[in-house]
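Descriptive structure summary
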Amino acid sequence: MHKKLFIPGPTEVREDVLISQAAPMIGHRMKSFSDLYGSINDKFHKLFKTEHEIYVHTSSGTGLMEAASRNFINKKALHTVCGAFSKRWADISKSNGKEIGVIEVDMGKAIKPEMIDRELSKGEYDTLMVTQNETSTGVKNPVKEIGELLKEKYPDVLLLVDSVSSFMGMEIGFETWGVDVVVASSQKAFALPPGIAIMTISKRSFERAKEVKNRGFYFDVLKMKKYFDEKPYQTLSTPAISLFYALDYQLSRILNEGLDERYRRHKEMAGFVREWAKRYFALFAEQGYESDTVTAIKNTRGVSIKDLNNELGNRGMALSNGYGALKEKTFRIAHMGDITLGEIKDLIANINEIINLGV
Ligand SMILES: Cc1ncc(COP(=O)(O)O)c(C=O)c1O
């Protein structure tokens, strides 16, 4: 039996979206591919009023996090670590030989602009990395406020954002927030199968990339730009064409729903789960910084999350245990992608029944 996914990626993919992949294959040097990628590009720009380029790349989000580290850090990057994925990004930069500094807060806490201000005031950095939504802890970092700080006091520092588990589910501004680069994966709030990732890039980030040595090959953004601009709308190597079909189809669905409505739906689902969690458990994320795509819940009742998930599995659903060391101490419910409030209510009703809550 298929288990409906209430996990923070991969998320549930609707049947019509799954079917949209099953189109005849085309060559990636054919006009039909350029038309497909061009259509994706048009739809992105209808959704987001931005001058930034939006690229689709065949890799998961981690690949494009590596691309961001390799292409845009020239001098030194400040990483902001508040959980497993923001730590991963710092590790990626370090393993690519980049000089980095790190601000680290306890898991469950958010990164605040004043922490960044203190560190950037040393004048050592040209790049700042922020994880908009730390999936391991359910924390939303204040990217907008951080962008405002940079615009006001550190205009030469590039702001690079991991929006992997928030893009299409939580608001992000490009020029308006002062964000230079955004990385996102298909298998999260896009509600697509895994396998492609997207990266948005500001004009000045390309200027930075020109100064950076050893950008690599597969993830060189200047090569991406060349194929995109000149062919046009092509990719350096053979892309996951079936997923491009699905992305094009899903972007039409998102345009139909409307981005604001999509954000509202995510907020509504998050609000419902948070109220339930506060009533019977406690929230793991610092107050005021709770994610709208995934809620991490403190297991204050000592429930066996493994057993709960097994029984949910028998009923055709799955949630997530806590990440890494937070296993059994926390558990996570994702309200991400195309999931509806009705489906969330159904999940919660089943949890209530299984562990005898509210009855
Ligand atoms: C916030 C965040 N960043 C990065 C990643 C890595 O993305 P991917 O698995 O697409 O490489 C994840 C995956 O869960 C994530 O949640």
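As the structure is a prediction and not an experimental result, all values here were calculated from the model.

Before going further, it helps to examine the confidence of the model for the protein chain. Looking at the protein chain as a whole, the pLDDT averages 98, with 100% of positions reaching at least 70. Across the protein chain, the secondary-structure element scoring lowest on mean pLDDT is strand 2 (residues 53-57), at 97, and the one scoring highest is strand 8 (residues 158-162), at 99.

So, on to the pairing of strand 10 (residues 197-201). Among the 5 residues of strand 10, 5 are classified as buried, and the element is accordingly described as predominantly covered. The alternating pattern of strand 10 places A197, M199 and I201 on one face and I198 and T200 on the opposite face, and all of these are buried. Note that strand 2 and strand 10 share 5 bridges and pair antiparallel. From the neighbouring strand, I54 faces strand 10, where its bridge partner is T200. Here 5 bridges tie strand 9 (residues 181-185) to strand 10, and the two strands are oriented antiparallel to one another. Across the sheet, V183 pairs through a bridge with M199, a residue of strand 10.

As a further point, take the packing of helix 9 (residues 241-257) against helix 10 (residues 259-280). Their axes nearest at 6 Å, the elements helix 9 and helix 10 cross at an angle of 85°. The orientation of helix 9 with respect to helix 10, classified from their angle, is roughly perpendicular. Across the interface between the two elements, Q250, I254 and E257 of helix 9 pack against L259, E261, R262 and R265 of helix 10. Its residues assigned to classes, the contact of helix 9 with helix 10 comprises 2 nonpolar, 1 polar and 4 charged.

Time to look at the packing of aromatic side chains. Scanning all chains against the criterion turns up 17 aromatic pairs. Seen from their ring centres, F33 and Y37 are 6.0 Å apart, and the 55° between their planes marks the pair as tilted. Here Y37 and F33 lie together in helix 2 (residues 31-47), a separation of 4 residues that amounts to about one turn. The exposure class of F33 is buried, given its relative accessible area of 0%. Ring geometry for Y55 and F206: centres 6.2 Å apart, planes at 80°, overall edge-to-face. With Y55 in strand 2 and F206 in helix 7 (residues 203-211), this pair connects stretches of sequence that are 151 residues apart.

Parameters and conventions
- Residues numbered from 1 in each chain as written.
- Predicted model: local features only at pLDDT ≥ 70, side-chain atom pairs only at ≥ 80, totals over all residues.
- Heavy atoms only, no water.
- pLDDT = per-residue confidence, 0-100.
- Helix = DSSP H or I, 4+ residues; strand = E, 2+ residues; numbered from the N terminus.
- Buried < 20%, exposed > 50% of the residue type's maximum accessible area, 1.4 Å probe, protein only.
- Pairing = 2+ DSSP bridges.
- Axes fitted to C-alpha atoms, helices over the stretch in contact; angles between N-to-C directions.
- Parallel < 35°, antiparallel > 145°, perpendicular 65-115°, else oblique.
- Contact = heavy atoms within 4.5 Å.
- Nonpolar A, V, L, I, M, F, W, Y, C, P; charged D, E, K, R; others polar.
- Phe/Tyr/Trp six-rings, centres within 6.5 Å; stacked < 30°, edge-to-face > 60°.

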